[in-house]
Amino acid sequence: MVVSTDVVEVTDGTFASEVLESEFPVLVDFTAEWCAPCRMIAPVLADVAREQQGRLKVVTVDVDANPETQAAYGVLSMPTLMVFQGGEPVKSLVGARPKRRLLQELQEWCAD
């Protein structure tokens, strides 16, 4: 899967260091190659990652390649977007959405 340079691809092996131990809040995109809505939201996430750099980290997890992380957080639908802060999931969103709506839902962690 091609990921924007602003969006970090994480694996079962790097999830703890990239997400749970991050000093910034992290938006995790649980995605899959076969998921059309995942492909639709990818450019939105790349924009958010670029615009919120230094405030919100955006990462992606391919659920087919990283089943441990998917199972650990009970992710059943793709895309699932989950915000982690201080190593804990604090918000979960299911499904693709336009950028404006996503930013509204993430306003607690994003700057205008």
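Note that the structure is a prediction, hence the values are computed from the model and not measured. (Residues numbered from 1 in each chain as written. Predicted model: local features only at pLDDT ≥ 70, side-chain atom pairs only at ≥ 80, totals over all residues. Heavy atoms only, no water.)

1. Remarks on the overall build of the protein
Defined as follows: Helical segments are the DSSP runs of H or I of at least four residues, strand segments are the runs of E of at least two, and each set is numbered from the N terminus. Only C-alpha atoms enter the radius of gyration; for comparison, a globular chain is expected to reach 2.2 Å times N to the power 0.38, where N is the number of residues. The rule is simple: take the accessible area with a 1.4 Å probe, protein chains only, and divide by the maximum for that residue type; under 20% is buried, over 50% is exposed, in between is partly exposed. Between two residues, a contact is recorded if the distance between any of their heavy atoms is within 4.5 Å. The positive count covers Lys and Arg only, the negative count covers Asp and Glu only, and His and the chain ends enter neither. For the purpose of locating charges, the reference atoms are NZ of Lys, CZ of Arg, CG of Asp and CD of Glu.
For the protein, the helix and strand inventory stands at four helices and five strands. Secondary structure elements of the protein occur, N-terminal to C-terminal, as β-α-β-α-β-α-β-β-α. For 112 residues, the compact-globule formula gives about 13 Å, and the C-alpha radius of gyration of the protein, at 12 Å, lands near that figure. Dimensions of the protein along its principal axes, counting C-alpha atoms only, are 35 × 30 × 25 Å. Of all 112 residues assigned to the protein, the portion counted as buried reaches 43%. Counting contacts in the protein only where the partners sit at least 6 residues apart, residues at least 24 apart contribute 71% of the total. For the protein, the separation between the mean place of its 9 positive charges and that of its 17 negative charges on side chains is 11 Å.

2. Quick notes on the state of the cysteines
For clarity, the cut-off: The disulfide criterion is simple: two cysteine sulfur atoms within 2.5 Å.
If you walk through the whole model with that rule in mind, you get one disulfide. Two residues, Cys-35 and Cys-38, share a disulfide whose sulfurs are 2.2 Å apart. Judged by the sign of its S-S torsion, about 80°, the cystine formed by Cys-35 and Cys-38 is right-handed. On the basis of relative accessible area, Cys-35 is assigned to the buried category, the value being 3%. What makes Cys-38 buried here is its relative accessible area of 4%.

3. Some thoughts on the environment of Ala-42
When you line up the elements, Ala-42 lands in helix H2 (residues 36-51). For the pair Ala-42 and Val-7, spaced 35 residues apart in sequence, the C-alpha to C-alpha distance is 9.2 Å.

4. Focus on unusual backbone geometry
Apart from glycine, the bulk of residues carry a negative phi angle, and the bulk of peptide bonds sit in the trans form. A cis amide bond links Met-78 to the next residue, Pro-79, at an omega of -10°. Within the secondary structure, Pro-79 sits in the loop between helix H3 (67-72) and strand S4 (80-85).

5. With respect to the side chain of Thr-80
Selection criterion: By the criterion applied in these results, polar contacts are pairs of N or O atoms within 3.5 Å in which, for protein atoms, one can donate a hydrogen and the other can accept it, and in which residues neighboring in sequence qualify only through two side-chain atoms.
Mapped onto the elements of the fold, Thr-80 is located in strand S4. Assessed through its relative accessible area of 4%, Thr-80 is described here as buried. One polar contact links the side chain of Thr-80 to the main-chain carbonyl oxygen of Ser-77, over a distance of 2.5 Å. Sequence-distant contacts of Thr-80, that is, excluding residues within four places in its chain, are made with Val-28, Asp-29, Phe-30, Val-75, Ser-92, Leu-93 and Val-94.

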